[in-house]
Amino acid sequence: MPKVWIEKLLEEPELYLLRIDDDKIRYFEATWDIPEGITYNAYVMKTDGNVILFDTWKRSYADEFLKALSSVVDPKDITHIVVHHTEPDHSGALPVVLEANGYRAKIIGTTFAKRLLNSFYGIMENVHAIKDGEELKIGSRTLKFITLPWLHWPDTMITYVVEDKIILGCDVGGGYSIPPAIDDSNEEVVERYLPYVTKYIVTVIGHYRKHIIQNIEKIKKLGIIDDVKIVLPGHGLIWRRNPKRIFEHYVKVGAGVPKKGKVLVIYDSMYGFVERSILIAVDELKKHGFNPIIYSFTDKDAPAVSDILGEVPDSEALILGASTYEANIHPRIRYTLYEILDKANYEKPVLILGTFGWAGVAGREIETLIKKSMFKHVSTIEVNGRTTPEDEMRIREGVRKLISLLSEP
Ligand code: FEO
């Protein structure tokens, strides 16, 4: 059974974390491999006789959620339910909670969320659609609701608790994996966690990348990020040692800030031909002090595309190696490339190494796709079968051209 955490975070106002560690999930959104799992975090605040529930868990954990919730409050006493985002990993248990609550609580969300609550669950009564920036005084606390569309859906908002400088972010500030702690107090835990935040941002929100920077800029301008004391996301670690750090990380991923020297190398190799070209390219990269991070699809390996996506934002450049397969790009590279172009489309240089038996198509097709994207096409080098000494010279030259566009590692 997944582990459940029920933690009191504050005495005044009384604030609780309800977290479940979903170690059963394999594919988030039925797509992204996450053997590392994910947590769903909900929060309960008590203020002067009012009880506010912020989000819930996935429907498959509705019973566990009701049990955890009942350990800190009688569900009948919940006066307000804030729905930051209606994706069912956060709203799935809502119908069960409402039933236990006797449908007394006022539900608060965006206009878009109101529409989705109806379409997902038939919830229409007692739903208050907030306006961007609207403040609601509940007990002794002022909740300010700020819409952040496309982080992750158009329905998304966050709550800022004005008196305590707390941000409840739901997807905003979240990440994959099951951290062994609830907050960022241990630096080792944070260091291990942040790559999973990157992977989460790219796979879940990457398609809406420009909205990451715009929306974080929006709350920055409101002065909220500079003042924030605690960030309470719907997934992963709570941020209270260094609450600004999670927003800084989101902006870095959104902007694709590179790590010096990191070059992402992705290739397929059915019979070792592509691999020979790639090994030459890797050797040339290393000779110049670069650090190639390699993902290969072979008859022994098939890395998770979600992991590859997570490597793109902080890479300086990409090298893509592909064989021609049925007059097209090898299927694994084709899928990987489509996902990169959709979820991790950054202004980074790309070198293409194609290999073919009787007709070279993969390199040309990749080049066409790259030229239509934000990536910068550097060169396409096609090799017919085995890599000859002349091919080796062309590959080394292509790598040198690629790294001439990068700063010294
Ligand atoms: Fe965690 Fe967009 O749901």
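Residues numbered from 1 in each chain as written. Predicted model: local features only at pLDDT ≥ 70, side-chain atom pairs only at ≥ 80, totals over all residues. Heavy atoms only, no water.

The name given to the chain in an unreviewed UniProt entry is Flavoprotein, with the source organism recorded as Pyrococcus yayanosii.

S.K.: For this particular structure, what's the right way to read the domain arrangement of the chain?
M.R.: The figure often quoted for interface size is the accessible area lost as the parts come together. Splitting the chain by domain gives domain 1 (4-255) and domain 2 (264-403). The interface of domain 1 with domain 2 comprises 14 residues on the first partner and 15 residues on the second. Broken down residue by residue, the surface that domain 1 buries against domain 2 is led by Trp32, Val202 and Arg209, which jointly contribute 43%. Scanning the region where domain 1 abuts domain 2 turns up two salt bridges. The tally of links between domain 1 and domain 2 comes to six residue pairs in polar contact (both at pLDDT 80 or more). Considering each element in turn, the side of domain 1 that touches domain 2 owes the most residues, five residues, to helix 5 (residues 187-205). (Domains from an automatic or database assignment. Contact = heavy atoms within 4.5 Å. Buried area = accessible area lost by both parts, 1.4 Å probe. Salt bridge = Lys/Arg side-chain N within 4 Å of Asp/Glu carboxyl O. Polar contact = N/O pair within 3.5 Å; in protein donor to acceptor, adjacent residues only side chain to side chain. Helix = DSSP H or I, 4+ residues; strand = E, 2+ residues; numbered from the N terminus.)

S.K.: Got a minute to help me understand helix 12 (residues 362-372) in this structure?
M.R.: Owing to its 3.6 residues per turn, the α-helix aligns residues three or four sequence positions apart on the same side. Within helix 12, the full set of buried residues consists of Ala362, Gly363, Ile366, Glu367, Leu369 and Ile370. In an axial view of helix 12, the angular spread of the buried residues amounts to 165°, which keeps them on one side of the axis. Exposed side chains of helix 12 directed beyond 90 degrees from the buried face belong to Arg364, Lys371 and Lys372. Against the buried residues of helix 12 lie strand 17 (317-323), helix 11 (331-343), strand 18 (349-356) and strand 19 (376-384). (Buried < 20%, exposed > 50% of the residue type's maximum accessible area, 1.4 Å probe, protein only. Arc of directions from axis to C-beta.)

S.K.: Where do I start with the sheet that holds strand 17 in this structure?
M.R.: Sheet strands pair via backbone hydrogen bonds, and the direction of the pair is either parallel or antiparallel. In space, the five strands of this open sheet follow the order 16-15-17-18-19, with parallel pairing throughout. Among the strands making up the open sheet, the edge pair consists of strand 16 (291-297) and strand 19. Direction aside, neighbouring strands of the sheet carry axes that sit 15° apart on average. Summarising the sheet, strand 15 (residues 262-268) and strand 16 pair through seven bridges and their orientation is parallel. Its bridge partner being in strand 16, leucine 264 is matched across the sheet by isoleucine 293. Sitting on the sheet, helix 13 (residues 389-404) touches strand 15, strand 17, strand 18 and strand 19, and the angle it makes with strand 19 is about 170°. (Pairing = 2+ DSSP bridges. Axes fitted to C-alpha atoms, helices over the stretch in contact; angles between N-to-C directions.)

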